[in-house]
Amino acid sequence: MRRNPEGFEPAPYRAIELTPVTPFIGAEVRGVDLREPGDDVIAELKTALLEWKVLFFRDQDITGEQHRDFAQHWGELEVHPLLPQGEVPSVVRFERGEDSPGTENIWHVDVTWQQRPPLGSVLRAIDVPAAGGDTLWSDMGNAYDCLSDEVKAAIDGLEAVHDFMPSFGRSMSPEQQERMQEQYPPVRHPIVRTHPETGRRTLFVNSLFTTHIPDLDPVEGARVLQRLFDQAKVPDFQCRFRWQPNSIAFWDNRATQHYAASDYFPHRRVMERVAILGDVPR
């Protein structure tokens, strides 16, 4: 277990204060106002995101526009083609309650069925239940490092297929499925990707969108994928966040998986998310 790969040495933080959630993943950031973060704050947050993989902020009473503008410091924003937008373009709204139970309670990486999955996501709590509704993140660098040498050798150089159909496709008519599959056909990504900024090798398959390994026998491929999916579930690799109104989580989609507990039904939970477009996994 390690927090960072060899050779990645973050400089001391002077503009922000960090409190680790675990020794390996997750840190709460204090002393920052996300409405008007200075250049020195943004620079240190960029480093902190790489070091800790997910950052947490409390008491950030920001608007949808400020939410969007903060995320834009990391690059071009994603416009999700299958989720409803909020009042501000590029801001997706998740409104859950008695008539709309949470469905994000599965370990996943956002939008891996695109050629360029998000670099990361900034999620803001608007309305949260009195109890429940936590989100968990799992460190896919440590998940890979802790595989046996035998498993690492077996998956080295292999690709897996990612498809929106097992999730979003279930609620579509056959005509909608056909139309969307023409626009967003399944894609292949490496099972183990190299993080473009830290150089760390991370597992890049998830049980929501990864369907099969084309170069393996289907039965053997399913067995391998299940073994890799199970790595995200190991508590040693995880951190957990209890939401409050105006809390924000910012995670590196290239280095983590996440899971939103749906234990709050039928209570109300409203969140808004901005995602930053990433690179082609390699």
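Structure: see above.
Below is a short write-up of the structure. (Residues numbered from 1 in each chain as written. Predicted model: local features only at pLDDT ≥ 70, side-chain atom pairs only at ≥ 80, totals over all residues. Heavy atoms only, no water.)

**Concerning the side chain of Ser247**
For Ser247, the location among the structural elements is in the loop between strand 12 (238–241) and strand 13 (248–252). A relative accessible area of 1% places Ser247 in the buried class. At 2.9 Å, the side chain of Ser247 and the side chain of Arg58 are in polar contact. Each residue touching Ser247, except ones within four places of it in the same chain, is listed here: Phe57, Arg58, Leu123, Arg124, Ala125 and Phe241. (Helix = DSSP H or I, 4+ residues; strand = E, 2+ residues; numbered from the N terminus. Buried < 20%, exposed > 50% of the residue type's maximum accessible area, 1.4 Å probe, protein only. Polar contact = N/O pair within 3.5 Å; in protein donor to acceptor, adjacent residues only side chain to side chain. Contact = heavy atoms within 4.5 Å.)

**Here's the deal with the pattern of salt bridges**
Evaluation of the coordinates by the stated rule reveals 24 salt bridges. Here Arg93 and Glu95 are joined by a salt bridge, their closest N and O atoms 3.4 Å apart. Notably, a salt bridge pairs Arg268 with Asp127, separated by 2.9 Å at the nearest N-O pair. Taken together, the residues span a long stretch of sequence, with Arg268 in the loop between strand 14 (256–260) and strand 15 (269–277) and Asp127 in strand 5 (residues 118–127) at a distance of 141 residues. On the basis of relative accessible area, Arg268 is assigned to the partly exposed category, the value being 40%. Among the residues examined, Asp127 registers a relative accessible area of 29% and is labelled partly exposed. Put simply, Arg93, Glu95, Arg124, Asp127, Arg268 and Glu272 are held in one network by salt bridges that share partners. (Salt bridge = Lys/Arg side-chain N within 4 Å of Asp/Glu carboxyl O.)

**Quick word on empty space enclosed by the protein**
One pass over the full model with this rule turns up one cavity of 30 Å³ or more. Here the largest cavity defines a volume of roughly 90 Å³. If you trace the largest cavity, you find 14 residues lining it, with Leu50, Lys53, Thr198, Arg200 and Ala255 closest to the centre. Counted by class, the lining of the largest cavity contains four nonpolar, five polar and five charged residues. (1 Å grid on protein atoms, 1.4 Å probe; cavity = no way out; pocket = protein on both sides within 12 Å on 5 of 7 lines; lining within 4 Å. Points joined across faces, edges and corners; volume = space filled by probe spheres on them. Nonpolar A, V, L, I, M, F, W, Y, C, P; charged D, E, K, R; others polar.)

**What about the nonpolar core?**
Within the largest apolar cluster, 27 residues are counted, with the highest numbers of intra-cluster contacts made by Trp113, Trp137, Phe164, Phe168 and Trp243. Listed by contribution, the elements that provide at least two residues to this core are strand 3 (54–57), strand 4 (92–96), strand 5, strand 12 and strand 13. Non-local contacts of Phe168, meaning those with residues more than four positions away in its chain, are made with His80, Leu82, Leu83, Trp113 and Phe209. Within the second largest apolar cluster, 26 residues are counted, among which are Ile42, Leu45, Ala48 and Ile276. (Core = buried A, V, L, I, M, F, W, Y, C linked by side-chain atoms within 4.5 Å.)

**Regarding the sheet that holds strand 11 (residues 210–212)**
Taken in spatial order, the three strands make up an open sheet running 8-7-11, and their pairing is antiparallel. A single partner strand is all that each edge strand has here, and the edge strands are strand 8 (187–190) and strand 11. Neighbouring strand axes in the sheet, compared pairwise and without regard to direction, differ in orientation by 50 degrees on average. Sheet topology note: the strand 7 (residues 159–162)/strand 11 ladder contains two bridges and is antiparallel. In the sheet register, His162 faces strand 11, and the bridge partner there is Thr210. (Pairing = 2+ DSSP bridges. Axes fitted to C-alpha atoms, helices over the stretch in contact; angles between N-to-C directions.)

**Quick word on the sheet that holds strand 5**
Judged by pairing direction, the sheet is mixed, and its seven strands sit side by side in the order 1-2-3-13-5-15-4 without closing on themselves. Whereas interior strands pair on both sides, the edge strands pair on one side only; in this sheet they are strand 1 (17–20) and strand 4. Going from strand to strand, the sheet's axes swing by 25 degrees on average, the running direction of each strand aside. Across four bridges, the pairing between strand 1 and strand 2 (residues 27–30) is antiparallel. Bridging across to strand 2, Pro20 finds its partner in Ala27.

**Here we look at unusual backbone geometry**
The step from Phe265 to Pro266 runs through a cis peptide bond, and the omega angle for that step is 5 degrees. Tracing the sequence through the fold places Pro266 in the loop between strand 14 and strand 15. A positive phi is found at Lys53, a non-glycine position, where the angle reads about 75 degrees. Judged by relative accessible area, Lys53 falls into the buried class, the value being 3%.

**Here we look at the packing of aromatic side chains**
Under the defined criterion, the tally for this structure stands at 14 aromatic pairs. Here the aromatic rings of Trp113 and Phe168 are separated by 6.1 Å at their centres, their planes lie at 75 degrees, and the arrangement is edge-to-face. Note that Trp113 is positioned in the loop between strand 4 and strand 5 and Phe168 in the loop between strand 7 and helix 5 (174–183), a separation of 55 residues in sequence. The interplanar angle of 80 degrees and the centroid separation of 5.0 Å between the aromatic rings of Phe241 and Trp243 together place this pair among those described as edge-to-face. There is no split in this pair, since Phe241 and Trp243 are both buried. By the ring-pair criterion, three or more aromatic residues cluster together here, those being Phe56, Trp137, Phe241, Trp243 and Trp251. For Lys46, the ring lying beneath its charged end belongs to Trp74, and the centroid distance is 5.9 Å. Just above the ring of Tyr144 sits the side chain of Lys152; from NZ or CZ to the centre is 5.0 Å. (Phe/Tyr/Trp six-rings, centres within 6.5 Å; stacked < 30°, edge-to-face > 60°. Lys NZ or Arg CZ within 6 Å of the ring centre and 35° of its normal.)

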